[in-house]
Amino acid sequence: MDHLLSGLHQFHTQFGREKDFYSKLAGGQHPSVLFIGCSDSRVDPSIITQSGLGELFVMRNAGNIVPCYGASNGGEPATIEYAVSALGVTDIVVCGHSGCGAIQAMLNPDSMEKLPLVRGWLNHAEATRRIIVENYANLTGEDQLAAAVSEHVLVQIENLQTHPAVAVKLQRGEVTLHAWVYQMTSGEVWAYSSDDGKFTALTDLPPEEAGRRKVGNPRQAKRK
Ligand SMILES: [Zn+2]
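Along each chain, numbering runs from 1 in the same order as the chain's sequence is written. Reporting of local features is limited, given that this is a predicted model, to residues whose pLDDT is at least 70; pairs of side-chain atoms are given and counted only at 80 or more, and all residues count toward the totals for whole chains, interfaces and linings.

Engineer: Explain the overall build of the chain to me, please; I cannot follow it from the model alone.
Structural biologist: By definition, any uninterrupted DSSP run of H or I lasting at least four residues is a helix, any uninterrupted run of E lasting at least two residues is a strand, and each is numbered from the N terminus. Tallying secondary structure elements over the chain gives eleven helices and six strands in all. Taken over C-alpha atoms, the radius of gyration is set against a globule rule of 2.2 Å times the number of residues to the power 0.38. The C-alpha atoms of the chain give 19 Å as radius of gyration, which agrees with the globular expectation for 224 residues (17 Å, within 12%). Taken along the three principal axes of its C-alpha coordinates, the chain extends 55 × 50 × 40 Å. A buried classification covers 30% of the 224 residues belonging to the chain. Sequence separation of 24 or more characterises 65% of the internal contacts of the chain that already satisfy a separation of 6 or more. Here a residue counts as buried when 20 or more other C-beta atoms sit within 10 Å of its C-beta, as exposed when there are 12 or fewer, and as partly exposed otherwise, the C-beta atoms being derived from the backbone. Residue pairs are scored as contacts if the distance between their C-beta atoms, which are placed from the backbone, is within 7 Å.

Next comes the structure, spelled out in structure tokens:
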């Protein structure tokens, strides 16, 4: 704990130096992005996106899971509704990561014998497990885990769209969905695009091209 306590002191000194900034922040938050990520201590949304205080509205849990609407009475549906309907975020990022322990556990349910609550939580990701078992039967080990992490992010993007607050904004074209995977060994973030159906490293692309890598909006497309 000692390093946390010295961190608090350091922060308080910085707070004193930038009082105007912090008093403006205290007046209210206006983040434009809901960032949904894993609780893993190595995947900090603000650090990997180099965002400051007030920029990201963050929801983290084991395995960056978005339960389908009506499937959970936990904080997730309330957090999503608040971000979209009250704060008016314009973008939602679901970010998985390489080497995710929750996804690994989900692929091996027997490993959770003594963790009944984790097992119950990961049941929300059963669609991912079935996709891997039935469509990626040729993969094992690291390759299987990598496929599961990517497919899992896309399943959570589908689950997001079952939330009424998100569905309404999608139909109006007022929110954009992003499916990302953070690669822990390279520091890259790979993003899915519906245009080519692939994940590509955002840092390999020119900014305008990287900005176009997003999940297509099926609801808006239907209206055209
Ligand atoms: Zn994880």
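Engineer: Even after reading the chapter, I still don't get the pairing of strand 1 (residues 33-38), so can you show me in this structure?
Structural biologist: On any regular strand, side chains alternate: one points to one face of the sheet, the next to the other face. With respect to burial, strand 1 is a largely interior element, six of its six residues being buried. Any two strands with at least two DSSP-identified bridges between them are counted as paired. Across five bridges, the pairing between strand 1 and strand 3 (residues 91-97) is parallel. Opposite Gly-37, over in strand 3, you have Cys-95 as the bridge partner.

Engineer: How do you make sense of the domain arrangement of the chain when you look at a structure like this?
Structural biologist: How big an interface is tends to be stated in terms of accessible area lost as the parts join. Here the domain parsing of the chain yields domain 1 (1-30) and domain 2 (31-218). For the domain bounds, the source is a domain assignment made automatically or taken from a database. Its C-alpha centre places domain 1 at a distance of 29 Å from the equivalent point of domain 2.

Engineer: Is there a simple way to think about the packing of helix 4 (residues 75-86) against helix 9 (residues 164-172) in this case?
Structural biologist: Between two packed helices, both the angle of their axes relative to each other and the distance between the axes serve to describe the pair. In this analysis an axis means a line fitted to C-alpha atoms, helices contributing only their contacting stretch, and an angle means the value between N-to-C directions, from 0 to 180 degrees. Where helix 4 contacts helix 9, the axes come no closer than 8 Å and their chain directions differ by 30°. Compared by their axis directions, helix 4 and helix 9 come out roughly parallel. When you trace helix 4 past helix 9, the crossing you get is left-handed. The residues of helix 9 that touch helix 4, namely those facing Ile-80, Glu-81, Val-84 and Ser-85, are Ala-165, Val-166 and Lys-169. Looking at the contact of helix 4 with helix 9, its residues break down into four nonpolar, one polar and two charged. Each angle gets one of four labels, with under 35 degrees taken as roughly parallel, over 145 as roughly antiparallel, 65 to 115 as roughly perpendicular, and the rest as oblique. Crossing handedness follows the turn of the near helix against the far one: under a right angle anticlockwise gives a left-handed crossing, and clockwise gives a right-handed one. Charged means Asp, Glu, Lys or Arg here, nonpolar means Ala, Val, Leu, Ile, Met, Phe, Trp, Tyr, Cys or Pro, and polar covers whatever is left, Gly included.

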